[in-house]
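# Observations on the model geometry
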Amino acid sequence: MSARSSFDGFITRSLTELSQAAFGLNESKLPPYLQSSPAKEKLEFFVQQAYCPHVITLATREADTFLQCKGFRDLVDFLRPFGDNIDGRLENKIRGEKAFRNLKFSLRFVPLNAVRSPQQIMNDKLARKSFDTSPPSKYANCLPSGNLATLQTVTERFVDYFSENELGEDVDPSSPFYYFFQRLLSGIPVSAHETFAHPVASLLVVTSHSVNPLEDFMQLYKQLNSAAFPHFVSRDLVHCYIYLHDDENSDLQKSVEAFELVRRSFGANCYFLKFSSLKDAVADNKSDIDLQQEVNGTQWKSASELMIEIETGNNAFDEVHLLPLPDILAIKKVVYDMLNESIIPYMQRCVHLWTERLSAYRGSFTSKLLLVSRKYFSRQSAPTDYGHYDPTTSCYFPDKPEAQLRRLADHHFMLRDYKVASEIYESLEKTFSDDKAWCYLASCQEMHAVSMLMQTQLLTQKNRSVYLYPLLEQSMQTYIDRCHMPYFAIRALVTVCSLLSTRPGLSVDDSVRWFSRLFEFNLFSAFGTAFWSTCIATLYSSKDSESESSFGQRKRKTAFWYLVSTSYWLSLNRPRMANLCLQYAYEVYETSHWDELRVTIKNLKDQLEHSLE
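This structure is a prediction, so every number in the text was calculated from the model and none was measured.

Cut-offs used in this document
- Residues numbered from 1 in each chain as written.
- Predicted model: local features only at pLDDT ≥ 70, side-chain atom pairs only at ≥ 80, totals over all residues.
- Heavy atoms only, no water.
- Helix = DSSP H or I, 4+ residues; strand = E, 2+ residues; numbered from the N terminus.
- Buried < 20%, exposed > 50% of the residue type's maximum accessible area, 1.4 Å probe, protein only.
- Areas by Shrake-Rupley, 256 points an atom, 1.4 Å probe, with all protein chains shown as cover.
- Contact = heavy atoms within 4.5 Å.
- Phe/Tyr/Trp six-rings, centres within 6.5 Å; stacked < 30°, edge-to-face > 60°.
- Pairing = 2+ DSSP bridges.
- Axes fitted to C-alpha atoms, helices over the stretch in contact; angles between N-to-C directions.
- Parallel < 35°, antiparallel > 145°, perpendicular 65-115°, else oblique.
- Left-handed = near helix turned anticlockwise from the far one by under 90°.
- Salt bridge = Lys/Arg side-chain N within 4 Å of Asp/Glu carboxyl O.
- Core = buried A, V, L, I, M, F, W, Y, C linked by side-chain atoms within 4.5 Å.
- Arc of directions from axis to C-beta.
- Expected span 1.5 Å × (residues − 1).
- Polar contact = N/O pair within 3.5 Å; in protein donor to acceptor, adjacent residues only side chain to side chain.

## A short note on the overall build of the protein chain
Of regular secondary structure, the protein chain possesses 24 helices and nine strands. In the protein chain, buried positions account for 53% of the 613 residues. If you sum the accessible surface of the protein chain, you get close to 28500 Å²; carbon and sulfur atoms cover 52% of it.

Given below as structure tokens:
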């Protein structure tokens, strides 16, 4: 029997046998140990980290020069690693008493020129190609994501890097999927139909080298106010200020006096940061080296940004800076205070204000009567009546109630109130559908589905079939057919499938069925076939970590898909990745007495040995 025929027979028989798993299981009576897992925590953490508040950063020329002496390119490069994982405190009122929840938060520090629409970015690229021969700025065009071709290239590079360098015995072949998922969620484009990438706060930085700090802060503030934001981005921000003290070249007493003057002028959102200006790469003696610690680069670089680093010869996977330990602690303290004393309270005040302002628009009988009368008794014909939606710019302006409701829902999502966010997304779907605001509609359906999966309540099979799956189907169809936005469609599909795979019971099987639609898109061409097969194995492996019990863990399905991906990786001449997948499959199937399976594994091993020679 040939290797190909035995492999085909194995696939046919495996699909039949492996599909017979725990049908008829009552999900409402699942034991508690099946309702959480490390994979669930990791994937939910990715979503929480991706959809986080964005902070615009501005610094004086002296501040950028100071940070370049520390080994950083600019202020954004300096702050981004410290915004990836921050301890946050959320205040809740339980029975009239205040209670706090300690959660992990993120802040995404972005430069001023990153707050641009995709059309503005494209216009800037065309203008630079026509009139400017100088190299592009590091952060000018590479923060936004959305280019699937770039995402494929970066993912391929990581797969090669991962398989070549991670050669230990405990290597997890699921790492490429998590890397792809993180890159997919990184660098969310600034768009009208969702406000996650819209700035919530601004951060202005001046150093002790400044002759007149107060005047420099005012100049930065004017620069921020004169920035050319897209017309759909609100300028309502909370402004934070950092006075950066150079302990080596400036007098501490004078810096403290200047900071007090700044705080009296600008209010409570002012922070004092003190650390040395010695360059980290140079240490005078061993004691200085011992006091320094590594600061890894941010984990949330977009695929476009990583592509720029690859093209310019920088190491896109191993970026490390050295900083003295006191400086690291001081920076973390400032970022922590800024999050918990300025940004989170500001977002909560906005939520309270918008809720009161928009409550009449959402639920009042008078407001609904006005909307109906506008729709049916307006002098304009029905095809041109879009309410507050402007079809010429394809957006709602930020002062309109629909845009404010969408921003309210996104704020609830970022503050981890997924139930309220889900309700607002659901209430907006009818409005956006009536106004023919298709991008807004698809985005609301996407985030409504994600909000349902981020809640702790159990989703039964009926709820998934009646509510969740139609939302995902309609969102993808609208993104592709009406909006022509394949990136957002892929993001919706992968995010929902990833979260769904960690749910108890048969959810993982539904997740794989939906995820398999990526094969239909013919995305990533031949590489995609191998990569999606490995991703499906990763989705099934999320059941392996739920408990020590072997019930319902999908170990055989995980091994089957790793075995399938082994064959595809070999056909792409990537034997090291194929070897990682085969190792997992062999651990499950080594005691099998199935002759066809043993022949298939032996043939794959022979091909691997030949390819690795």
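## Examining the side chain of Thr150
By secondary structure assignment, the location of Thr150 is in helix 6 (residues 148–165). When residues no more than four places from it in sequence are discounted, the contact partners of Thr150 are Ala303, Ser304 and Met307.

## Observations concerning the packing of aromatic side chains
One pass over the structure, following the stated rule, counts 40 aromatic pairs. Pairing Phe177 with Phe181 gives two aromatic rings, centres 6.2 Å apart and planes at 0 degrees, and the pair type is stacked. With Phe177 and Phe181 both in helix 7 (residues 175–185) and four residues apart, this pair spans about one turn of that helix. On the basis of relative accessible area, Phe181 is assigned to the buried category, the value being 0%.

## Description of unusual backbone geometry
The residue Lys436 is not glycine, and still its phi comes out positive at about 60 degrees. The topology assignment puts Lys436 in the loop between helix 15 (418–434) and helix 16 (438–454). In this model, Ser525 sits at a positive phi of 50 degrees, which is unusual for a non-glycine residue. Locating Ser525 in the fold gives a position in helix 21 (residues 525–541). Among the residues examined, Ser525 registers a relative accessible area of 42% and is labelled partly exposed.

## Examining the sheet that holds strand 6 (residues 238–246)
Read from one edge to the other, the open sheet built from five strands follows the order 4-1-5-6-7, with strand pairing classed as parallel. Only two strands of the sheet have a single neighbouring strand rather than two, namely strand 4 (108–111) and strand 7 (270–275). The average undirected angle you get between the axes of adjacent strands in this sheet is 30 degrees. Alignment of strand 5 (residues 199–207) against strand 6, held across seven bridges, turns out to be parallel. Within strand 6, the position partnered with Thr207 by the bridge is Leu244. Across the sheet, helix 9 (residues 252–266) lies against strand 6 and strand 7, angled at about 160 degrees from strand 7, the strand it touches most.

## Brief notes about the packing of helix 6 against helix 23 (residues 575–589)
At a minimum axis separation of 8 Å, helix 6 and helix 23 run at an interaxial angle of 70 degrees. When the axis of helix 6 is compared with that of helix 23, the two are roughly perpendicular. Viewed along their axes, helix 6 and helix 23 form a crossing whose handedness is left-handed. Contacts from Val159, Phe162, Ser163 and Glu164 in helix 6 reach Arg576, Met577 and Leu580 in helix 23.

## A short note on the pattern of salt bridges
By the definition in use, this model includes 21 salt bridges. The closest approach of N and O atoms between Glu305 and Arg80, which form a salt bridge, is 2.7 Å. Remark: Arg80 occurs in the loop between helix 4 (75–79) and strand 2 (86–94) and Glu305 occurs in helix 11 (residues 303–311); sequence separation between them is 225 residues. Note that Asp87 and Lys104 form a salt bridge whose closest N and O atoms lie 2.5 Å from each other. Of this pair, Asp87 sits in strand 2 while Lys104 sits in strand 3 (residues 97–105); the two residues are 17 residues apart in sequence, bridging distant segments of the chain. Taken together, the salt bridges that share partners define one network made up of Glu156, Asp160 and Arg574.

## A look at the nonpolar core
Membership of the largest hydrophobic core comes to 173 residues, with the highest contact counts inside it found for Phe413 and Phe515. When residues in this core are grouped by element, the largest group, 15 residues, is from helix 12 (residues 325–363). Not counting chain neighbours up to four residues away, the residues in contact with Phe413 comprise Val47, Tyr51, Phe196, Tyr418, Ala421, Tyr425, Met447, Val450, Ser451 and Met454.

## Points about helix 3 (residues 61–69)
Those residues of helix 3 that sit buried are Ala63, Phe66 and Leu67. On an axial view of helix 3, the arc spanned by its buried residues comes to 95 degrees, and they lie on one face. Structurally, helix 3 contributes buried residues whose contacts are with strand 1 (54–59), helix 4, strand 5, strand 6 and strand 7. Directly after helix 3, the chain includes Gly71, whose backbone phi takes a positive value near 100 degrees.

## Describing helix 18 (residues 486–501)
The end-to-end C-alpha distance of helix 18, which contains 16 residues, comes to 22 Å, matching closely the 22 Å that a straight helix rising 1.5 Å per residue would cover. Burial of helix 18 is extensive: 15 of the 16 residues sit out of reach of the surface.

## Quick word on the environment of Tyr418
For Tyr418, the location among the structural elements is in helix 15. A C-alpha to C-alpha distance of 6.0 Å links Tyr418 and Gln455, two positions 37 residues apart in sequence. Apart from residues lying up to four places away in sequence, Tyr418 is in contact with Gln48, Phe413, Ser451, Met454 and Gln455. In terms of polar contacts, Tyr418 uses its side chain to reach the side chain of Gln48, at 3.5 Å.

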